[in-house]
Amino acid sequence: MFYDVLRNAAQGKLGRMLASSGAIASLTLGLGATGLATSQLAQADDYPDHAIEFIVPWSPGGGSDALMRIISNAAPKDIGQPMPVINMPGVSGTIGLKELAQKDPDGYTVGQIHEGLMASNATGLTQLNWDDFQPIASLASSPQYLVVNADSDWKTFEDFAEYAKAHPGEIRVGATLGGIPHVHAAMIEDAIGAQFRYVGFEGTGARIRALVGGHIDASIGDISSSLEFVKNGDLRFLAVGSKERLKQTPDVPTFKELGYDNLNLSINRGIVAPKGIDPAKVETLAQGFEAMSKDPEFIKRVNNTGAEVDFMGPQAYADYLSDVDATIKRLSGKLAR
């Protein structure tokens, strides 16, 4: 009996020891799992922890480059890391975007697009389209104007529209053929029921110089390319495609107030990432860009280029791009002319 009592006591002690060991093991395992989760969370919270390459698919000195460098300069404050601009121009912006599409979606390469990408897709210049990327944010909007030579008889947009309808194919409109200025001109053409004769130019500067010289009759322009010529009496703004009149040109009516609600003519320059980027990183970047869009100094610098700050987050920007893409596809027949 003594041995039975001793054996039972020993077994009880061993059981308690085993139970204790199991608890310790469970606790250790739990702490390990918690540590792993904490480590993963810390890694997510640390993004970005080094510079983000910023591909701008246009040449230095243009409108896109100027605005994207303002964003690049503001990035260390609002994004938390530098965003050095890498210019990759060529084939209407498609060379740089092809490079971007092939990058690792790790959040450390982003790029700039605007409506011209959808025009290039619709005209067969590239197979890429906006939905081959992950939209992050749109920050800068450059309202576009219908511009004519100041010596023309068209004092108002109504004068221009009336003449265009009565003389199909006569008005020579300068455009980057297959590009967004061509799209905007086609939108006007479609809205008023007219037909223009398009003359191709590589860039906005060349179009506006041709307009000043009387080689074409009208063009799509913006503040940065055309305002000084308007002030000098060489050119005339007939209407602007913004939501409201702009403070730089308070006497120029919007297409909307003239009765053309669908003529929203702006170039919205936004930022996208390679498809497959972590949604948490998209949100981190979008929050940084939203903070940037509210900075008075940033707004001032953007306004000085003739553009407006118009922030759209990931979903709003995706919806906008989808709508623009549908419009461009509808007008693709006009772009082919």
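For clarity, every value in this text was computed on a predicted model and none was experimentally measured.

1. Considering the overall build of the chain
Move 1: When you go through the chain residue by residue, the secondary structure sums to 12 helices and 11 strands.
Move 2: Across the 337 residues that make up the chain, the buried fraction comes to 46%.
Move 3: Taking contacts inside the chain between residues at least 6 apart in sequence as the whole, the part at least 24 apart equals 76%.
Move 4: When the accessible surface of the chain is totalled, it reaches about 16,300 Å², and 53% of it is carbon and sulfur.

2. Things to note about the packing of aromatic side chains
By convention here, two paired aromatic rings are described through the distance between centres and the angle between planes.
Move 1: Considering all chains together, one arrives at 9 aromatic pairs under this definition.
Move 2: Aromatic pair Phe196 and Tyr198: ring centres 6.3 Å apart, planes at 80°, arrangement edge-to-face. Tyr198 carries the same exposure label as Phe196, and that label is buried.
Move 3: Members of the aromatic cluster, connected to one another through ring pairs, are Trp154, Phe157, Phe160, Tyr163, Phe196, Tyr198, Phe255 and Tyr260.

3. Comments concerning the pairing of strand S5 (residues 145-149)
Move 1: Along S5, 5 of the 5 residues are buried, which leaves the element largely enclosed by surrounding structure.
Move 2: Sheet analysis places S5 next to strand S8 (residues 218-221), joined by 4 bridges and oriented antiparallel. Its bridge partner lying in S8, Val148 is registered against Ala218.

4. Considering the environment of Leu238
Move 1: Along the chain, the position of Leu238 falls in strand S9 (residues 235-240).
Move 2: You can call Leu238 buried: its relative accessible area is 3%.
Move 3: C-alpha separation for the pair Leu238 and Pro253, spaced 15 residues apart in sequence, amounts to 7.4 Å.
Move 4: Excluding its chain neighbours within four sequence positions, the residues that come into contact with Leu238 are Leu146, Val148, Trp154, Lys155, Thr156, Phe157, Phe160, Val252 and Pro253.

5. Focus: the pattern of salt bridges
Opposite charge on two side chains permits them to pair, given that their charged atoms come into close proximity.
Move 1: As enumerated under the stated definition, the model contains 12 salt bridges in all.
Move 2: Here Lys103 ties to Glu53 by a salt bridge, and the two come within 3.7 Å at their closest N and O atoms. Of this pair, Lys103 sits in the loop between helix H3 (94-101) and strand S3 (109-113) while Glu53 sits in strand S1 (residues 53-56), and the two are 50 residues apart along the sequence.
Move 3: Glu53 gets classed as partly exposed once you look at its relative accessible area, which sits at 26%.
Move 4: One connected set of salt bridges, linked through shared partners, spans Glu53, Glu99 and Lys103.

6. Some thoughts on the sheet that holds S8
Move 1: On the basis of which strands lie adjacent, the open sheet formed by 5 strands has the order S7-S6-S8-S5-S9 and mixed pairing. What marks the edges here is a single partner per strand, and that holds for strand S7 (197-200) and S9. Recorded for the sheet is a direction-independent mean angle of 35° between the axes of neighbouring strands.
Move 2: Examined bridge by bridge, strand S6 (residues 172-175) and S8 share 2 bridges and lie parallel to one another.

7. A short note on the nonpolar core
Move 1: Among the nonpolar cores identified, the biggest contains 47 residues, and Leu146, Phe157, Phe160, Ile188 and Phe196 are the most heavily contacted of them.
Move 2: With 7 residues, the top contributor of residues to this core is helix H6 (residues 180-192).
Move 3: The residues contacting Phe160, other than those within four sequence positions of it, are Leu146, Val148, Trp154, Ile171, Phe196, Ala218 and Leu238.
Move 4: Val56, Val110, Ile136 and Ile277 belong to the second largest nonpolar core, which has 29 residues in total.

8. Structural notes on a nonpolar patch on the surface
Move 1: On the surface, a nonpolar cluster with roughly 240 Å² of combined accessible area is contributed by Val91, Ile95 and Leu125.
Move 2: Within the secondary structure, Leu125 sits in the loop between helix H4 (116-122) and strand S4 (133-143).

9. Quick notes on the confidence of the model for the chain
Move 1: Taken residue by residue, the chain gives an average pLDDT of 87. The fraction at 70 or more is 86%.
Move 2: Between residues 1-44, whose pLDDT stays under 50, and residues either more than four places distant or in other chains, the model counts 0 contacts.

10. Considering the packing of helix H2 (residues 63-78) against helix H10 (residues 296-304)
Move 1: Between H2 and H10, the shortest axis-to-axis distance is 10 Å and the interhelical angle comes to 165°. Overall, the two elements H2 and H10 adopt an arrangement that is roughly antiparallel. Taken as a pair, H2 and H10 cross one another with a handedness that is right-handed. Residue-level inspection shows Leu67, Ile70, Ile71 and Ala74 of H2 in contact with H10, the latter providing Phe298, Arg301 and Val302.
Move 2: Classifying every residue of the contact of H2 with H10 by side-chain character gives 6 nonpolar, no polar and 1 charged.

11. Description of the sheet that holds S1
Move 1: Spatially, 6 strands are ordered S2-S1-S3-S10-S4-S11 in an open sheet, and the strand pairing comes out mixed. Of all strands in the sheet, those bounded by a partner on one side alone are strand S2 (85-87) and strand S11 (308-312). Ignoring which end each strand starts from, the neighbouring axes of this sheet average 25° apart.
Move 2: Those strands touched by H3 are S1, S3, S4 and strand S10 (266-274), and its axis lies near 150° from that of S3.
Move 3: Sheet strands in contact with H10 are S4 and S11, and its direction is about 120° off that of S11.

The rules we used
- Residues numbered from 1 in each chain as written.
- Predicted model: local features only at pLDDT ≥ 70, side-chain atom pairs only at ≥ 80, totals over all residues.
- Heavy atoms only, no water.
- Helix = DSSP H or I, 4+ residues; strand = E, 2+ residues; numbered from the N terminus.
- Buried < 20%, exposed > 50% of the residue type's maximum accessible area, 1.4 Å probe, protein only.
- Contact = heavy atoms within 4.5 Å.
- Areas by Shrake-Rupley, 256 points an atom, 1.4 Å probe, with all protein chains shown as cover.
- Phe/Tyr/Trp six-rings, centres within 6.5 Å; stacked < 30°, edge-to-face > 60°.
- Pairing = 2+ DSSP bridges.
- Salt bridge = Lys/Arg side-chain N within 4 Å of Asp/Glu carboxyl O.
- Axes fitted to C-alpha atoms, helices over the stretch in contact; angles between N-to-C directions.
- Core = buried A, V, L, I, M, F, W, Y, C linked by side-chain atoms within 4.5 Å.
- Patch = residues over 30% accessible without salt bridge, like charges linked within 9 Å, V, L, I, M, F, W, Y side chains within 5 Å.
- pLDDT = per-residue confidence, 0-100.
- Parallel < 35°, antiparallel > 145°, perpendicular 65-115°, else oblique.
- Left-handed = near helix turned anticlockwise from the far one by under 90°.
- Nonpolar A, V, L, I, M, F, W, Y, C, P; charged D, E, K, R; others polar.

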